[in-house]
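Here is what each chain is made of, one letter per residue.
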Amino acid sequence: MERRNRDDKMGGPGPQNQAQTRGPTGRPLPPPPHSRGPPPPPPPRLEPVDREKTCPLLLRVFTKIGSHHNNEDFAVRGKEPKDEVQIYTWKDATLRELTDLVKEIAPEARRRNAKLSFAFVYPDRRGHFVVKTVGMTHSYGNGRNPDENKALNDFNFQIGDYLDVAVL
């Protein structure tokens, strides 16, 4: 008669069950996916802005050919880069809309193969400006780029942030 210990009866780490609870490196395996709980809910989609009733915001846009501006370019208030354009827009403006606006003022952005890289410029907790890249579009998009249809809101844009556009 074969004797089985308590681990074998309970499915514990006996010699037969050890391979099932341990990975190839000998480390314990994570619990199966169904025991982790439900997936987190998707982020809430903000309602589109009624552009007839909502006042637009002033967006300060800085363009540069070849790369983004450095953090130091925004270090002194009032001495921002000179290549600034001010655009009135809404928080639900997409990167495609902004691309079309930049193409109106920057001839380099009209090239067929031009790429536009968008970055937000905002002060961190210490008050130093940070340049954070958020998305990229092509001058003449085909709609397949997922960033093109994302709005400023989707990137956590806050009123007062600057927009830095690198024409690549």
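In the block above lies the structure referred to throughout.
Criteria and cut-off values
Residues numbered from 1 in each chain as written. Predicted model: local features only at pLDDT ≥ 70, side-chain atom pairs only at ≥ 80, totals over all residues. Heavy atoms only, no water. Pairing = 2+ DSSP bridges. Helix = DSSP H or I, 4+ residues; strand = E, 2+ residues; numbered from the N terminus. Axes fitted to C-alpha atoms, helices over the stretch in contact; angles between N-to-C directions. Contact = heavy atoms within 4.5 Å. Buried < 20%, exposed > 50% of the residue type's maximum accessible area, 1.4 Å probe, protein only. Polar contact = N/O pair within 3.5 Å; in protein donor to acceptor, adjacent residues only side chain to side chain.

Brief notes about the sheet that holds strand E1 (residues 57-65)
Move 1: Overall, mixed pairing links the five strands, which are arranged E2-E1-E5-E3-E4 in an open sheet. Of all the strands in the sheet, the pair left with one neighbour each is strand E2 (84-89) and strand E4 (129-138). Sheet twist, expressed as the mean angle between neighbouring strand axes with direction ignored, is 30°.
Move 2: Across five bridges, the pairing between E1 and strand E5 (residues 162-167) is parallel. Residue pairing across strands places Lys 64 opposite Ala 166, the latter belonging to E5.
Move 3: Packed onto the sheet, helix H3 (residues 95-105) meets E1, E2, strand E3 (115-123), E4 and E5 and runs at close to 95° relative to E4.

Let's talk about unusual backbone geometry
Move 1: Non-glycine residue Asn 156 carries a positive phi angle of around 60°.
Move 2: Summarising the element assignment, Asn 156 is placed in the loop between E4 and E5.
Move 3: Using a relative accessible area of 63% as the deciding quantity, one classes Asn 156 as exposed.

Focus: the pairing of E3
Move 1: Bridging between E3 and E4 involves nine bridges; their strand directions are antiparallel. Looking across to E4, one finds that Leu 116 is bridged to Thr 137.
Move 2: Count of turn residues in the E3/E4 antiparallel hairpin: five residues, of which Gly 127 carries a positive phi of about 90°.
Move 3: Two elements, E3 and E5, share six bridges in a ladder whose sense is antiparallel. Bridged to Leu 116 within E5 is Val 167.

A short note on the side chain of Thr 99
Move 1: The residue Thr 99 is located in helix H3 in this model.
Move 2: Assessed through its relative accessible area of 0%, Thr 99 is described here as buried.
Move 3: A distance of 2.7 Å separates a polar atom in the side chain of Thr 99 from the backbone oxygen of Leu 95.

The values reported here are purely geometric and, on their own, carry no functional implication.
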